[in-house]
Amino acid sequence: MEGTNPVNKKLAAALSGGAVLAMALSGCSSDDGSSEKLTAWAKEVCDSVQPQAKKIEAANTAIQKQTSDSSAPEDVQKTDSQAFQDMSDAYKAIGAAVDKAGAPDTGDAKNAEKKQQDAVKELNDIASSYASLKKQVDALDTKDQAKFADGLKDVATELDKLSKSGNGALKTLEEGDVGKAMGEQASCKSTASSASATAS
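Right, let's walk through the structure included here. (Residues numbered from 1 in each chain as written. Predicted model: local features only at pLDDT ≥ 70, side-chain atom pairs only at ≥ 80, totals over all residues. Heavy atoms only, no water.)

Another point: the overall build of the protein chain. Helix and strand counts for the protein chain come out as nine helices and zero strands. In sequence order, the secondary structure elements of the protein chain are arranged as α-α-α-α-α-α-α-α-α. Of all intrachain contacts in the protein chain linking residues separated by at least 6 positions in sequence, the fraction that spans at least 24 positions is 86%. Surface summary for the protein chain: the accessible area is close to 9400 Å², and the carbon and sulfur share equals 51%. (Helix = DSSP H or I, 4+ residues; strand = E, 2+ residues; numbered from the N terminus. Contact = heavy atoms within 4.5 Å. Areas by Shrake-Rupley, 256 points an atom, 1.4 Å probe, with all protein chains shown as cover.)

Rendered as structure tokens:
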């Protein structure tokens, strides 16, 4: 037994938090009362989010596949590094999409703009966190099995913190009519179902 397996499992478990965002972006109830402007906003955001949510899901799956006893440290490092890079890119792209869409038309422009900007900042912060996890993984010593396992443990701890840090600003952005408008979008619905499959 090479000893990386329990750590990799911990990493894989912590990773299911990566699906949290995709679910947050689509765990909304559907209602037909949205304004046209709000519906257009929701469509723009949901359509942009869907491919990124798939990217996050694929990165999760890649790491989870590298949890066997036989995985060489070099393979684990390579897979994890690429996955964290992909996640960082995906969150950055979602942040850019929410930024580009502007504030949703909720009838309270100032409040809507603050919520939107807070969500963009939060998404960019998550992207930065995954970028620093990639650097952490890249710096691990794959020649020393014990050191590598210890290093992975630290990465898993950071990942766990990241998955628990939540997405409060994003949830706030999606309260009320915004969430309803997003719930009507087919692209957000499909994101929700794939995200819950990843999380389980």
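For helix α4 (residues 73-101), which comprises 29 residues, the first-to-last C-alpha distance of 42 Å matches the rise-based estimate of 42 Å (1.5 Å per residue) to within 8%. Positive phi shows up at G102, right after α4, with a value of about 80°. (Expected span 1.5 Å × (residues − 1).)

Enumeration according to the criterion identifies two aromatic pairs in this entry. Relative to Y130, the ring of Y91 lies with its centre 5.5 Å away and its plane at 5°, an arrangement referred to as stacked. Here the residue Y91 occupies a position in helix α4, and Y130 occupies one in helix α5 (residues 109-138), the gap between them amounting to 39 residues. Here Y91 matches Y130 in class, with each residue buried. Ring-pair connections join several aromatic residues into one group, and the members of that group are F84, Y91 and Y130. (Phe/Tyr/Trp six-rings, centres within 6.5 Å; stacked < 30°, edge-to-face > 60°. Buried < 20%, exposed > 50% of the residue type's maximum accessible area, 1.4 Å probe, protein only.)

This brings us to the side chain of Q185. In this fold, Q185 is placed in the loop between α8 (177-183) and α9 (186-199). Residue class for Q185 comes out buried when judged on its relative accessible area of 9%. Excluding its chain neighbours within four sequence positions, the residues that come into contact with Q185 are T39, A42, K43 and C46.

Turning our eyes to something else, we now look at the state of the cysteines. Applying the stated criterion to the full structure yields one disulfide. Across a sulfur-sulfur distance of 2.0 Å, C46 and C188 are joined as a disulfide pair. Taking the sign of the S-S torsion, -85° for the link of C46 and C188, the bridge is left-handed. Of this pair, C46 sits in helix α3 (residues 36-65) while C188 sits in helix α9, placing them 142 residues apart in sequence. (Disulfide = S-S within 2.5 Å.)

This part is about the side chain of T142. Tracing the backbone through its elements, the reader meets T142 in the loop between α5 and α6 (145-164). Residue classification places T142 among the buried residues on the basis of a relative accessible area of 12%. Sequence-distant contacts of T142, defined by excluding residues within four places in its chain, comprise P73, E74, Q77 and F148.

We now examine the pattern of salt bridges. Enumeration over the complete set of coordinates arrives at nine salt bridges. Across the pair K115 and E175 runs a salt bridge, and its minimum N-O distance is 3.8 Å. Remark: E175 occurs in the loop between α7 (168-173) and α8 and K115 occurs in helix α5; sequence separation between them is 60 residues. Between E158 and K161 there is a salt bridge, and its shortest N-O distance comes to 3.3 Å. Here E158 pairs with K161, and both are found in helix α6, just three residues apart, close to one helical turn. (Salt bridge = Lys/Arg side-chain N within 4 Å of Asp/Glu carboxyl O.)

At a minimum axis separation of 10 Å, α5 and α6 run at an interaxial angle of 175°. On the basis of the axis angle, α5 is roughly antiparallel to α6. Taken together, the residues of α6 that come into contact with α5 (itself represented by S129, Y130, L133, Q136 and V137) are D154, V155, E158, L159 and L162. Residue classes in the contact of α5 with α6 are distributed as six nonpolar, two polar and two charged. (Axes fitted to C-alpha atoms, helices over the stretch in contact; angles between N-to-C directions. Parallel < 35°, antiparallel > 145°, perpendicular 65-115°, else oblique. Nonpolar A, V, L, I, M, F, W, Y, C, P; charged D, E, K, R; others polar.)

Further remarks concern the environment of Q52. Relative to the helices and strands, Q52 is located in helix α3. Residue Q52 is classed as buried on the basis of its relative accessible area of 16%.

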